[in-house]
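Residues per chain, in single letters:
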Amino acid sequence: MKVHDISLEIYEGMITYPGNADFRRRVVDKITGGSSNLSEYTLGAHTGTHVDGRRHVDRSGGGVETIPLDRCIGECRVVDLGYLDFGEGIGEEELAAEKIEKGEIVLFKTKNSTTGYGDFREDFIYLTDEGAGLLVRKKMKAVGTDYLSIQRYHSGRCAAHCILLEEGIPIFEGLDLSRVEAGRYLFIGLPLKIRDGDGSPVRAVLVEGLL
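Small disclaimer: the values here were computed from a predicted structure and weren't measured. (Residues numbered from 1 in each chain as written. Predicted model: local features only at pLDDT ≥ 70, side-chain atom pairs only at ≥ 80, totals over all residues. Heavy atoms only, no water.)

Visitor: Explain the overall build of the protein chain to me, please; I cannot follow it from the model alone.
Guide: Looking only at helices and strands, one finds 4 helices and 12 strands in the protein chain. Whereas a compact globule of 211 residues would reach a radius of gyration of roughly 17 Å, the protein chain reaches 17 Å, a difference of no more than 12%. On the principal axes, the C-alpha backbone points of the protein chain span a range of 60 × 40 × 35 Å. Within the protein chain, buried positions represent 47% of all 211 residues. At a minimum sequence separation of 6, the contacts of the protein chain that also span at least 24 residues come to 75%. Surface summary for the protein chain: the accessible area is close to 10700 Å², and the carbon and sulfur share equals 47%. A gap of 4 Å separates the mean positions of the 26 positive and 34 negative side-chain charges of the protein chain. (Helix = DSSP H or I, 4+ residues; strand = E, 2+ residues; numbered from the N terminus. Rg over C-alpha atoms; globule rule 2.2 N^0.38 Å. Buried < 20%, exposed > 50% of the residue type's maximum accessible area, 1.4 Å probe, protein only. Contact = heavy atoms within 4.5 Å. Areas by Shrake-Rupley, 256 points an atom, 1.4 Å probe, with all protein chains shown as cover. Lys, Arg positive; Asp, Glu negative; His and termini not counted. Charge placed at Lys NZ, Arg CZ, Asp CG, Glu CD.)

Visitor: Before we go on, may I ask you to explain the nonpolar core in this structure?
Guide: When a protein is soluble and globular, its nonpolar side chains tend to lie buried together. The biggest cluster of nonpolar side chains holds 21 residues, and the ones touching the most others in it are Ile90, Leu95, Phe108, Leu127, Leu135, Val143 and Leu164. Among the elements of the structure, β7 (105-109), α3 (129-137) and α4 (159-165) are those that each provide at least two residues to this core. Every residue in contact with Ile90, bar those within four places of it in the chain, is listed here: Leu81, Leu84, Leu95, Phe108, Thr110, Ile125, Tyr126, Leu127, Thr128 and Gly131. Residues Cys76, Ile105, Phe172 and Leu177 belong to the second largest nonpolar core, which totals 19 residues. (Core = buried A, V, L, I, M, F, W, Y, C linked by side-chain atoms within 4.5 Å.)

Visitor: How should the layout of surface pockets be read in this particular structure?
Guide: Once rolled over the atoms, a probe with the size of a water molecule shows which space is left empty. What the largest pocket holds in volume is close to 310 Å³. If you go around the largest pocket, you meet 18 residues; those closest to its centre are Tyr17, His56, Ser149, Gln151 and His161. Considered class by class, the residues forming the lining of the largest pocket number 4 nonpolar, 10 polar and 4 charged. (1 Å grid on protein atoms, 1.4 Å probe; cavity = no way out; pocket = protein on both sides within 12 Å on 5 of 7 lines; lining within 4 Å. Points joined across faces, edges and corners; volume = space filled by probe spheres on them. Nonpolar A, V, L, I, M, F, W, Y, C, P; charged D, E, K, R; others polar.)

The structure is reproduced here in structure tokens:
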């Protein structure tokens, strides 16, 4: 059994999606002056590797605490779409070629993984509306992507986010898939139990060798 950590490290100065709050750390106490080290963290709900809940796009939608945990744990397939160029979208044609199966957890590995998360780039590879629609018809358990958003930058509307989240399909974003190969794994990505949360950071891992 091998465990692959596919989570981003959280630190001051890390990349964030434009408009998301930056990560900040404040030291509350130190061992030199007290009995323990204590810190206060301030961060956006969509910092680093995170999951989007329905409330992200719907004021009356359930928060991340309502996401069924069986959608955050389970058999997963990493799909390698590295042939797509920056600025292109993952559509029905690409998904059909991968023979996406009903009820899967599917994670998209693209050229986004080759550049990492050093500087924000607006032309990241995204999921098209048509691609999202196919995933809804396939009743996906969850969907994940290797950038900070699943839909096209400045698309001007909710697009893929709404299509998936309104059908109860959680979206895992900010996955680091740079060191994993395409294939089947056990996926684990649990959100914090935040009441009415529109999103939550997660520690996401892929377990190889159990399936």
